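Close look at the chain arrangement
The primary structure of each chain is shown beneath.
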Amino acid sequence: DFSKAMSQAGPSQFQEVIRQELEYSMKVELDKILATAPSNELEHTKKDLEGFKKLFHRFLQEKGPSVDWGKIQRPPEDSIQPYEKIKARGLPDNIASVLNKLVVVKLNGGLGTSMGCKGPKSLIGVRNENTFLDLTVQQIEHLNKTYNTDVPLVLMNSFNTDEDTKKILQKYSHSRVKIYTFNQSRYPRINKETLLPVAKDVSYSGENTECWYPPGHGDIYGSFYNSGLLDNLIAEGKEYIFVSNIDNLGATVDLYILNHLMNPPNGKRCEFVMEVTNKTRADVKGGTLTQYENKLRLVEIAQVPKAHVDEFKSVSKFKIFNTNNLWIALSAIKRLQEKNAIDMEIIVNPKTLDGGLNVIQLETAVGAAIKSFENSLGINVPRSRFLPVKTTSDLLLVMSNLYSLNAGSLTMSEKREFPTVPLVKLGSSFTKVQDYLRRFESIPDMLELDHLTVSGDVTFGKNVSLKGTVIIIANHGDRIDIPAGAVLENKIVSGNLRILDH
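Residues numbered from 1 in each chain as written. Predicted model: local features only at pLDDT ≥ 70, side-chain atom pairs only at ≥ 80, totals over all residues. Heavy atoms only, no water.

The criterion, for reference: UniProt positions are given in the numbering used here, feature names are shortened, and annotations may be inferred rather than shown by experiment.
As recorded by an unreviewed UniProt entry, the protein chain carries the name UTP--glucose-1-phosphate uridylyltransferase and is attributed to Penelope pileata. Listed under Function (unreviewed entry) in UniProt, the entry text for the protein chain is "UTP--glucose-1-phosphate uridylyltransferase catalyzing the conversion of glucose-1-phosphate into UDP-glucose, a crucial precursor for the production of glycogen." The record in UniProt for the protein chain states the following under Subunit (unreviewed entry): "Homooctamer."

Things to note about the overall build of the protein chain
To keep it simple, the criterion reads: Helix numbers and strand numbers start at the N terminus; a helix is a DSSP run of H or I with at least 4 residues, a strand a run of E with at least 2. With the radius of gyration taken over C-alpha atoms, the globule rule is written as 2.2 Å times the number of residues to the power 0.38. Classification of residues uses two cut-offs on accessible area relative to the type maximum, computed with a 1.4 Å probe and protein chains only: under 20% is buried, over 50% is exposed, and between them is partly exposed. His is not counted here, nor are the chain ends, while Lys and Arg score as positive and Asp and Glu score as negative. For charged residues, the charge sits on one atom: NZ in Lys, CZ in Arg, CG in Asp, CD in Glu.
A tally of helices and strands in the protein chain yields 14 helices and 26 strands. Here the C-alpha radius of gyration of the protein chain, 25 Å, is about what a compact globule of 502 residues would show, namely 23 Å. On the principal axes, the C-alpha backbone points of the protein chain span a range of 80 × 65 × 50 Å. The buried share of the protein chain, reckoned over its 502 residues, is 51%. Treating the 61 positive side-chain charges of the protein chain as one cloud and the 59 negative ones as another, the clouds have centres 2 Å apart.

Some details on the layout of surface pockets
To keep things clear, this is the line we draw: Both site types are read off a 1 Å grid over the protein atoms alone. A 1.4 Å probe that fits but cannot get out defines a cavity, while an open set with protein on both sides within 12 Å along at least five of seven lines defines a pocket; lining residues have an atom within 4 Å of a point. Grid points are joined across faces, edges and corners, and a volume is the space filled by probe spheres set on the points. How far each domain reaches was decided by an automatic or database domain assignment.
The calculated volume of the second largest pocket comes to roughly 830 Å³. Elements supplying a minimum of two residues to the lining of the second largest pocket: helix H3 (42-61), strand S6 (179-183) and helix H8 (220-227). Top element by residues in the lining of the second largest pocket is H3. It accounts for 9 residues. Domain assignment of the residues forming the lining of the second largest pocket places at least three in each of domain 1 (1-61) and domain 2 (69-385).

Section: the sheet that holds strand S16 (residues 358-363)
We count it as follows: Pairing between strands is defined by DSSP: at least two bridges between them are needed. We call two residues in contact whenever any of their non-hydrogen atoms come within 4.5 Å of each other. To get an axis, fit a line to the C-alpha atoms, keeping to the stretch in contact for a helix; angles then go from 0 to 180 degrees between the N-to-C directions.
Strand order in the open sheet formed by 3 strands is S8-S16-S15, and the pairing between neighbours is antiparallel. Edge strands, defined here as strands with exactly one partner in the open sheet, are strand S8 (190-191) and strand S15 (347-352). The pairing of S15 with S16 spans 6 bridges and is antiparallel. Across the sheet, Ile347 pairs through a bridge with Glu363, a residue of S16. On top of the sheet, H3 reaches S8, S15 and S16; it is set at about 105 degrees to S16, its chief contact.

Let's talk about the pairing of strand S2 (residues 102-108)
Each regular strand shows side chains that alternate between the opposite faces of the sheet. Burial analysis of S2 places 7 of its 7 residues in the buried class, the great majority of the element. Taking every second residue as pointing to the same face, both faces of S2 are buried, with Leu102, Val104, Lys106 and Asn108 on one and Val103, Val105 and Leu107 on the other. Across 6 bridges, S2 lies against strand S10 (residues 240-245) in parallel orientation. Counted as the bridge partner of Leu102 is Tyr240 from S10. Pairing of S2 with strand S5 (residues 153-157), which is carried by 5 bridges, proceeds in the parallel orientation. Counterpart to Val105 in the pairing with S5 is Val154.

Now the structure itself:
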């Protein structure tokens, strides 16, 4: 009798019974969903739901933050190498043979919703009408032409971005880059109260679009392996992938890092390299590399016990953060995937659906797997290799004369006197790309800018120049139009266009 058994059970047994009940209920619901899959989707759906079941099982097992703060140590000196040291080794004569072992993988699962765009984020125009995807293809094509090599591009799409991306890929059919795609898994969102899937069947169109989600970029290992593409690339003699977010415009192929991987100075190859860079005040939430139980380990802010969050954010104690530019050995992914030995912490991401229902989605992050690989290494790279475009404030920087564009790569203009990027904060009137573009007749000259804050209903005329610290605040109901040709240097502009010296 269940109730009698429960009355005699201790707290841990009680929790175990509850956990088994939840797992059983989840299995029943997933079986019902699987039964609705059409025959041509059956195998694929089955793999997705199996992967989800494993993740859900782990989610029920784990309690509280997944790191013991007392065990966290600073990484040993040689486990994070300065980029200058790697670059100082120079390049071998046969750089083409090294490049031919490389595959570039871009994480292309995200939508442009945070910038008010429909469809894949990679299709947003970032510079001279070029999209993130255009710039990526141009970079790799330039490499292949310069060194007469065959570096392919692989896009990890999600069910949200796959169709639109594939339509666009036709325009590159004559470019000198082989492009492959595979899809991330599709997992069901979980009702926060019942811990059961929100979805009732496999469809993900119409009202069902909100029932499913792609489970974070940690899914790359399983999906890449399951797609068959991993084996095909190994068979072609490829040895390493360079993985990065498609919206990080600084993540270009670095020949010095590649050479260090292929020709290590001590003869022992790294299976996993993470590019890290120095934190600024803007990066205090970024994941950091630590030494934990004699392994390099990525620790994210969500894993840190509440009492230690301020310590984690300290720029003096944890000086670096993960750029998510990663170099990983293909053979190692295959070995670990076949042993089911890739261990990544679960990220529980709470969401509220349009109808107000609270759900959670279980995700993993690609860099968290570093502790599962042998002989891992961090490389402290220049900040220029981390140039993410997450908001229109970032977009303003990369569209401006701070950067010049050459063969798909953005480099900081030599005319800028200091190496740091200005801090730009555009208010909510600029959040959506189409609103942002409407408010700038042309992108201002920002070569001498340190800090820009804009709030409220503000528009910029042509050929405006911004220098030093510029703060423009239109009060509610007011509008400020910065006239064409205006030069604002250390100015505060507020109310209805009153220009004051700052």
